[in-house]
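Here's the letter readout for the chains.
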Amino acid sequence: MECAYYDRGVCRSCELMGVPYPQQLADKVKAARALLAAWPDAVWRDAVPSPESGFRNKAKMVVGGTVESPTLGILDAEQRGVDLRECGVLAAGLRAAMPAVAAFIGRAHLTPYDIPARRGELKNVLLTESPDGELMVRFVLRSTEALARIRKHADSLRADLPAISVLTVNLQPEHKAVLEGETELLLGDAETLAMRTGDVVLHLRPGGFFQTNTAIAAGLYAQAAAWLDEVSPRTVWDLYCGVGGFALHLAAPGREVVGIETSAAAVASARLTAEEAGIPGVEFEVGDAGAFAAERPAPDAVVVNPPRRGLGSEFAEVLERQGPATIVYSSCNPVTLAKDLAAMPSYDVVEVRLFDMFPQTRHAEVMTLLRRRGARAA
């Protein structure tokens with residue numbers, strides 16, 4: 001993949017831009033193998049590639065420039081807007097939406113926020129595209145000053161972008177590097193974006209977490225289900241469950257699955273999916289994953305998908321002590337993955353598979369299948 005923005009030096013977010021994709025994938029596997037070298041008996045399955053371009057289902061665009069000529073992209077070293085609306089890693093539907101969004105900024109007179117001067121209203125525009133081409137569009141504002149104008153012109157934006165399903169305003173009044181605030185105002189009836197992955201349609205609310213690469217997310221869910229189906233656990237925990245992606249794909253007759261997530265909105269989305277799809281045997285609770293695991297008898301299997309910081313030694317030691325027979329660990333940071341695995345010495349790393357969630361960067365998702373030494377299948 002080639003990128004004019006990268007070639008001009010205006011954006012270097014994709015650090016591997018220009019490196020042939022097969023080499024990118026091979027280098028990521030090599031790096032992950034080196035980090036997990038302490039488990040030489042693990043079977044490494046073939047890496048799962050991604051399309052080189054157009055794979056991102058999210059666009060987090062900082063707004064700069066002026067009302068009449070806004071930029072949608074990033075800020076340079078002097079906090080001036082750099083327009084990246086043709087970014088090649090964004091899904092085609094996101095790129096196609098950019099002109100309408102820019103025109104709406106002018107029509108609704110949304111003054112881009114000037115960081116050095118601490119003036120203006122519109123900080124970011126956050127877009128998400130579903131696998132079916134529907135859009136979630138969120139305007140991140142400093143205050144409610146422009147809210148009436150956005151409401152006034154919202155129909156014109158929907159006319160220009162009929163794919164819009166969810167339209168919101170997010171309020172982020174603080175002067176700091178935070179993408180969005182806690183207050184979300186819906187501009188329409190729809191509250192969730194339908195994210196179809198395999199046979200399950202997940203519901204994504206504004207601010208909720210969903211994997212950046214929908215195709216790779218579906219691959220992760222399918223791999224976890226395949227691994228667990230081999231051992232047929234009767235009870236499963238999905239810790240850090242988000243909107244329930246793993247839990248809902250792991251549901252099976254006679255199996256009890258519990259998903260735990262700190263975000264009440266994400267849990268509400270997961271419950272909605274389970275109810276709409278008529279998926280039995282799956283429950284979701286709001287709570288801290290580590291505290292939940294420490295306070296209950298272990299299930300037959302556990303799935304963990306923590307943030308980049310990993311489980312941490314305390315949580316890893318809880319799982320080591322609790323002793324579920326099988327653990328599936330999906331990690332976006334192989335460095336913290338290796339540390340967490342070292343804190344669970346009673347487990348063998350049976351299989352490993354790399355999923356290329358983020359082409360053009362050094363990041364990848366690594367999924368491991370762990371089996372407790374001496375444990376019997378459920």
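Details of the structure are given in the entry above.
Figured I'd write up the structure that's included with this text. (Residues numbered from 1 in each chain as written. Predicted model: local features only at pLDDT ≥ 70, side-chain atom pairs only at ≥ 80, totals over all residues. Heavy atoms only, no water.)

Looking now at the sheet that holds strand β1 (residues 43-44). Pairing within the open sheet is mixed, and its eight strands lie in the order β1-β16-β17-β15-β14-β11-β12-β13. This sheet does not close on itself; its edge strands, each paired only once, are β1 and β13 (282-286). Relative to strand β15 (residues 326-331), strand β14 (residues 301-304) is paired through four bridges, and the arrangement is parallel. Residue pairing for β15: V303 is matched across the bridge by V328. (Pairing = 2+ DSSP bridges. Helix = DSSP H or I, 4+ residues; strand = E, 2+ residues; numbered from the N terminus.)

The next point concerns helix α5 (residues 214-231). In a regular helix each residue adds 1.5 Å, so 18 residues correspond to 26 Å; α5 covers 27 Å between its end C-alpha atoms and thus fits that length. Considered for burial, the residues of α5 that qualify are T214, I216, A217, L220, Y221, Q223, A224, A225, W227, L228 and V231. Just downstream of α5 lies S232, where phi reads positive at about 50°. (Expected span 1.5 Å × (residues − 1). Buried < 20%, exposed > 50% of the residue type's maximum accessible area, 1.4 Å probe, protein only.)

We now examine the pairing of strand β12 (residues 256-261). Counting buried positions along β12 gives five out of six residues, so the element sits mostly inside the fold. Note that strand β11 (residues 235-239) and β12 share five bridges and pair parallel. Along β12, the bridge assignment pairs V236 with V257. What joins β11 to β12 is helix α6 (residues 245-250), and the crossover it makes is right-handed. Where β12 and β13 come together, five bridges link them in parallel fashion. Bridging from a neighbouring strand, G259 pairs with F284 of β13. Once the chain exits β12 it traverses helix α7 (residues 264-277) before rejoining the sheet at β13, and the crossover so formed is right-handed. (Right-handed = clockwise from strand over helix to strand, strands pointing away.)

All right, on to the nonpolar core then. Ranked by internal contacts, the top residues of the largest apolar core, which has 45 residues, are L72, L110, V125, L127 and F139. Elements with a contribution of two residues or more to this core: α1 (4-8), β2 (58-65), α3 (92-107), β5 (122-129), β6 (135-141), α4 (147-160) and β7 (164-171). The dominant element in this core, judged by the number of residues it contributes, is α3, at eight residues. Residues contacting L110, with those up to four places away along its chain left out, are V67, F104, I105, L122, F139, A146 and I150. Counting residues in each nonpolar core, the second largest holds 41 residues, with L202, L248, A274 and F355 among its members. (Core = buried A, V, L, I, M, F, W, Y, C linked by side-chain atoms within 4.5 Å. Contact = heavy atoms within 4.5 Å.)

With that out of the way, let us pick up the packing of aromatic side chains. Any two aromatic rings considered together are summarised by their centre-to-centre distance and by the angle between their planes. Applying the stated criterion to the full structure yields four aromatic pairs. Taking the centre distance of 5.3 Å and the plane angle of 40° together, the rings of F104 and F139 count as tilted. One end of the pair, F104, is in helix α3; the other, F139, is in strand β6, with 35 residues separating them in the sequence. When sorted by exposure, F104 lands in the same class as F139, which is buried. (Phe/Tyr/Trp six-rings, centres within 6.5 Å; stacked < 30°, edge-to-face > 60°.)

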